Amino acid sequence: GAQPQGVLRAALDNAGAAPAAPDPITAPTRRVMTRNLAAARAGDLVGRDKEFATLRNCLAETIAESRTQVVMITGIPGIGKSRLVEAVGALAHAEDALLLSASAYESESLRPFAVWLDALRQKVADAATDIFAEHASSDREHLLQQLSSLLRRESTDGPVVLIFDDVHWCDESSAAAVHYVARSNRDVPLLIVLAARESESQDNMPLQQMLRGLRHDGILIECPLGPMSEDALRDLIADCAPDADAERLSHECSGNPLLAIELARAELEGETGTSLNELVRERLTRFDVDGAEILRWASVLSPHIDVATLTSLTGQSADQIGAALESAERQAILSAKDDGLRFSHELIARGIYNEISPLRRQVMHRRVATYLEENIALDLSRAADLAHHASLSGDAGLAARAMVLAGRLSLRFFANDEALNLARKGMQLVNRLPDAERIRVSIDLHDIRLAAGTVENWDAAAREVAALAEQAVDHGELAHARLGYHLAASIRWQKGQWSDAREQTLQAERVTRSSRVEDQIAGLADTAKCLLLLERDLPQADAMLMEAQALSSRKRYQHQSLPAGIGILRFHRNELDEAEESFKDARTLCKTVGDRFGEFQCNEYLAMIDIEREHFNTALACCDEMIALANKLREGSEGPFARAMSALCHYALEGDSEALDHGLDELRIADAKHRLAYVQIKAAQIDYRNDRRESAARRATEALELASLLQRPTEEALARALLAALGRDTDDDAGAREHDDVLRALTESGISQWAVSYIQSLEAPPGQH
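Residues numbered from 1 in each chain as written. Predicted model: local features only at pLDDT ≥ 70, side-chain atom pairs only at ≥ 80, totals over all residues. Heavy atoms only, no water.

Asker: I'd love a proper account of the state of the cysteines, names of residues and values included.
Answerer: Taken as a whole and judged by the stated rule, the model has zero disulfides. Left without a disulfide partner, Cys623 is nearest to the cysteine sulfur of Cys649, which lies 4.2 Å away. (Disulfide = S-S within 2.5 Å.)

Asker: Explain the pattern of salt bridges to me, and be specific about the residues and the numbers.
Answerer: Applying the stated criterion across every chain yields a total of 52 salt bridges. Members of the salt-bridge network, linked through shared partners, are Asp577, Glu580, Lys584, Asp610 and Arg613. (Salt bridge = Lys/Arg side-chain N within 4 Å of Asp/Glu carboxyl O.)

Asker: Give me unusual backbone geometry: which residues, what numbers.
Answerer: Of note, the amide linkage connecting Ser302 to Pro303 takes the cis form, showing an omega dihedral of 15°. With respect to the secondary-structure elements, Pro303 resides in the loop between α15 (289-301) and α16 (307-314). Of note in the backbone geometry, Asp166 takes a positive phi value of approximately 55° without being a glycine. Mapping Asp166 onto the fold places it in the loop between β3 (160-165) and α8 (172-184). Asp166 gets classed as buried once you look at its relative accessible area, which sits at 14%. Residue Asp731 is not a glycine yet carries a positive backbone phi of 60°. On the secondary structure map, Asp731 appears in the loop between α37 (713-729) and α38 (733-749). (Helix = DSSP H or I, 4+ residues; strand = E, 2+ residues; numbered from the N terminus. Buried < 20%, exposed > 50% of the residue type's maximum accessible area, 1.4 Å probe, protein only.)

Asker: Can you tell me about the nonpolar core, naming the residues and giving the values?
Answerer: Counting residues in hydrophobic clusters, the biggest one holds 90 residues, and the most contacted among them are Met645 and Val679. Sequence-distant contacts of Val679, that is, excluding residues within four places in its chain, are made with Phe641, Ala644, Met645, Leu648, Leu660, Leu664 and Leu667. Among the nonpolar cores identified, the runner-up in size contains 57 residues, and Val300, Leu301, Leu386 and Ala387 belong to it. (Core = buried A, V, L, I, M, F, W, Y, C linked by side-chain atoms within 4.5 Å. Contact = heavy atoms within 4.5 Å.)

Asker: Can you break down empty space enclosed by the protein residue by residue, with the values?
Answerer: Enumeration according to the criterion identifies five cavities of 30 Å³ or more in this entry. Along the wall of the largest cavity there are 20 residues; nearest its centre are Leu533, Tyr605, Met608, Arg712 and Glu715. Counting only elements with at least two residues in the lining of the largest cavity, the list comes to α27 (517-534), α29 (561-572), α31 (596-612), α35 (673-689) and α37. Tallied by class, the residues present in the lining of the largest cavity amount to 10 nonpolar, five polar and five charged. (1 Å grid on protein atoms, 1.4 Å probe; cavity = no way out; pocket = protein on both sides within 12 Å on 5 of 7 lines; lining within 4 Å. Points joined across faces, edges and corners; volume = space filled by probe spheres on them. Nonpolar A, V, L, I, M, F, W, Y, C, P; charged D, E, K, R; others polar.)

Asker: Lay out the sheet that holds strand β1 (residues 69-75) in plain terms, naming residues and giving numbers.
Answerer: Strands belonging to one sheet form pairs held by backbone hydrogen bonds; the direction of such a pair is parallel or antiparallel. What the five strands build is an open sheet, ordered β2-β3-β4-β1-β5; its pairing is parallel. At either end of the open sheet lies a strand with only one pairing partner, and these are β2 (98-103) and β5 (220-224). This sheet shows a mean twist of 15° between the axes of neighbouring strands, independent of strand direction. In terms of strand pairing, β1 meets β5 through five bridges, oriented parallel. Each bridged residue has a counterpart across the sheet, and for Val71 the counterpart in β5 is Ile221. Contacting β1, β3, β4 (190-197) and β5, helix α3 (residues 49-65) crosses the sheet at an angle of about 165° to β1. Packed onto the sheet, helix α5 (residues 114-123) meets β2 and β3 and runs at close to 140° relative to β2. (Pairing = 2+ DSSP bridges. Axes fitted to C-alpha atoms, helices over the stretch in contact; angles between N-to-C directions.)

Asker: Tell me about the packing of helix α36 (residues 693-710) against α37, and please be specific about residues and values.
Answerer: The contact between α36 and α37 brings their axes to 8 Å, and the two run at 145°. Of the two elements, α36 crosses α37, and the hand of that crossing is left-handed. Mapping the contact onto sequence places Arg693, Ala696, Ala697, Ala700, Thr701, Ala703, Leu704, Ala707 and Ser708 in α36 and Glu715, Glu716, Ala719, Arg720, Leu722, Leu723, Leu726 and Asp729 in α37. In terms of residue class, the contact of α36 with α37 is built from 10 nonpolar, two polar and five charged. (Left-handed = near helix turned anticlockwise from the far one by under 90°.)

Structure, rendered in C-alpha cells:
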C-alpha cells in the first residue's frame with residue numbers, strides 16, 4: 001500500500017514509453033572493428049551485402065565495446081535466413097569466437113531448453129551436463145543463472161556468438177533463457193543471432209514476449225530479409241549452375257534464392273518442375289521404390305533421421321538405407337550436419353512429406369509413436385518426439401497415452417510448464433476415448449496437472465477426481481480408482497479438510513483389496529501414511545503397514561510409501577533413530593521412481609527429527625534440500641515451508657527473528673495452516689527456553705487457534721502445554737488450569753510420544769527442566 005516515490009516513481013512514469021525501434025537493417029552508428037572484421041567480406045554470400053554489413057558491424061561493436069547485442073533475422077521460407085547466419089558463423093571463426101549454434105524444430109517445441117542443450121553439447125558438453133543434469137539445478141532461476149555464468153566465463157577468453165535458427169519453433173524455456181542471458185550479460189562480448197519465419201513467429205507467444213522485452217531493453221536489432229533482386233539472383237544462379245538460363249530463372253523465382261538454386265539445378269538435370277514441390281516430386285522418381293520409401297519415412301522423422309530407427313520402421317537393411325541416404329545427399333536433398341544427416345532445407349522435407357497421402361501420414365506417425373512408446377527410456381527429447389508423432393497419428397488413445405508418458409517424464413525432470421501443457425493437450429483428447437480408457441487417462445492427466453501446477457478451484461478438482469475414481473471402480477479399473485481417491489485425499493489434506501481426506505484415503509485402500517498384489521501394497525501403504533499424517537485411526541494405520549510389509553516381503557516389491565509410512569509411525573512413537581533410517585530408505589525410493597513430492601516429505605521429516613534432537617545445524621542441510629526441491633515443484637506451500645524451517649533453525653542458532661517472521665508470513669499467504677502451526681510451536685519452544693515469554697505466548701496462541709481449527713491433537717497439546725507453563729510463570733493459575741484440563745484429555749486420546757516427552761519436561765520442577 002506504500003506510495004512509490006523516487007527512482008521507482010520515475011521508472012513507473014516511463015514504463016509505458018518503449019525506446020524507439022531501431023531502423024530494421026541499420027547497423028550501430030559506431031564502427032569499431034578488429035583487423036579481421038574490417039577485412040571481412042560476404043564471401044560466397046550473394047545479394048545480402050547490406051544485411052551482412054549489419055551483422056559484421058554488430059559483431060565488431062560487441063567485441064570492441066564488450067557488450068551484448070541480439071539480432072533477429074526474419075523472412076519467408078527459403079529467403080536465405082540460414083545462409084546469412086552461416087556467414088555470421090564464418091565471421092565468428094575469423095575472430096576465434098566461441099560459436100554455439102543450433103536449430104529449433106517443430107517436433108521439439110515441448111522439449112525444455114532444446115536449442116540450448118543442442119548448442120552446448122557440441123562445444124561445451126561437460127558444461128551442458130553440469131547445468132542440465134537432473135540434480136544440478138535447484139530451480140529454473142538457478143539454471144538460468146548457471147547458463148549466464150557459463151557464457152560470462154567463456155567470454156573472458158574471447159567473444160561468444162550464439163546462433164539459433166528457426167526460433168519460430170523454439171520452446172518457452174529456450175526463449176526465456178535468451179532473454180535472461182542477454183539482460184544479465186550486457187557488459188560482455190556476446191552476440192546472439194536469431195532467425196525465424198516472420199509469419200510463424202507471430203504464433204509463438206513466448207518468443208514474442210522475449211522480443212518485446214529485448215526491444216524494451218534496447219538491445220535488439222531487427223533485420224528483415226526481403227526478396228533478392230534479379231541482379232543478385234543472376235549472380236547466385238551463375239555461381240551454383242553456370243550453364244543454367246540465369247536471366248529467365250531469376251525472373252521466375254519471385255526473389256526466392258532457394259527456389260532459384262533448385263530451379264537452376266533442375267534445369268541442368270533435365271527436370272521440368274516450376275515449383276519446389278514439383279522439383280521434389282521429380283527428384284523422388286529417380287529413386288527406386290525402396291529408396292523413395294526411405295526418404296518418405298525420413299521426412300516423417302525429420303529432423304531426427306537415424307539408420308537404426310529407419311531400419312525398425314521400414315524393415316529394410318542398414319545397407320539399403322545407407323545407400324538411399326547417400327544418394328539423397330549427392331542430390332542435395334540431404335546434407336551432413338554436426339549432429340548427423342538433415343534435409344538440406346525444411347521446405348524439401350516438407351515437400352516430400354506432402355507427397356504422402358494424409359491417411360498414410362497418420363499410419364506412419366502412428367508407427368513412429370508406437371515405436372517411441374516402447375523405447376522412450378528416460379529421455380526428454382524422445383518424449384517430445386512421442387507427443388509430436390502421437391498427436392499426428394489420428395489415434396486419440398495413442399496420443400493421450402503419449403501426453404501422459406511425456407508429461408510424467410517432464411515432471412521427473414522438473415519441466416513443470418511443459419508437463420502442464422501436455423496434460424492440457426491430453427484433456428482435449430479424452431472425450432474421444434472409450435469409457436474405461438477415458439477414465440484411466442483422465443486420472444493420469446489429473447495426476448500430472450496437480451503435480452505440475454496449482455489448482456484455482458481445489459474443491460471442484462477434488463470432486464472431479466473422486467467422481468472419476470468412482471467411475472473407475474464401476475469399470476473395474478481398481479489401480480486408477482486408488483490413484484483417483486488418493487489425489488482427492490491429497491487435495492483435501494493440503495486444504496485442511498481432514499475428515500474428507502480421511503474418508504477418501506480409506507476408500508483408496510478399500511478398492512485395492514481385489515486388485516494386484518503390487519496395487520494392494522501401494523494402497524495399504526498410501527492409506528496408512530495418509531492416516532498417520534492426519535493423526536487419525538493410528539492403530540488401523542499400524543495394522544495396514546504390517547500387512548503391506550508382509551505382502552512386500554512375500555512379493556519382493558517395495559513401494560516408497562511403505563518406508564515413509566513406517567518412518568512417520570516411528571516418529572510418532574519417538575523412535576527417532578529408527579524413523580530416520582526409514583525416511584532415508586523412502587527418500588532413495590522416491591528418487592528412483594521420480595516421486596518428487598514424496599522426496600520432499602522425507603526431507604521434511606528428517607529435518608523435523610533433527611529439530612526435535614535440537615541438531616539445528618544438521619537440520620539446515622535437510623532444509624537446503626527441501627528448498628532446492630520446492631523450487632522445482634509446482635507453486636504450493638512446500639517452498640514457504642522449506643524457507644520457514646530454514647529460518648527456524650537460524651532463529652534457534654542466532655536468535656534473529658526477521659527471516660523467521662518473513663517465512664511465517666509466507667506460510668500465512670499460502671494458507672498452509674498445519675505447517676504454520678508446527679513452525680510456530682517450535683519457535684514458541686525456542687522463545688520459552690530463552691525467556692522470551694511474550695513472544696512465546698503470542699506464537700503458542702496462534703498455533704493453538706490453528707491446531708484447534710484443524711483438529712491436530714499433537715500441535716494443540718504442545719500449544720496448551722506452553723501456555724499452561726507461561727500461565728504458571730506469571731501466576732495465572734486459572735488460565736494454566738484451563739489449559740491443563742484440556743491437555744490431559746488430549747494426552748489420553750493419543751498424541752505423538754515426542755510431544756509427550758516435551759510436555760512432561762515442562763511439568764517437571766524448575767531444576768529438572
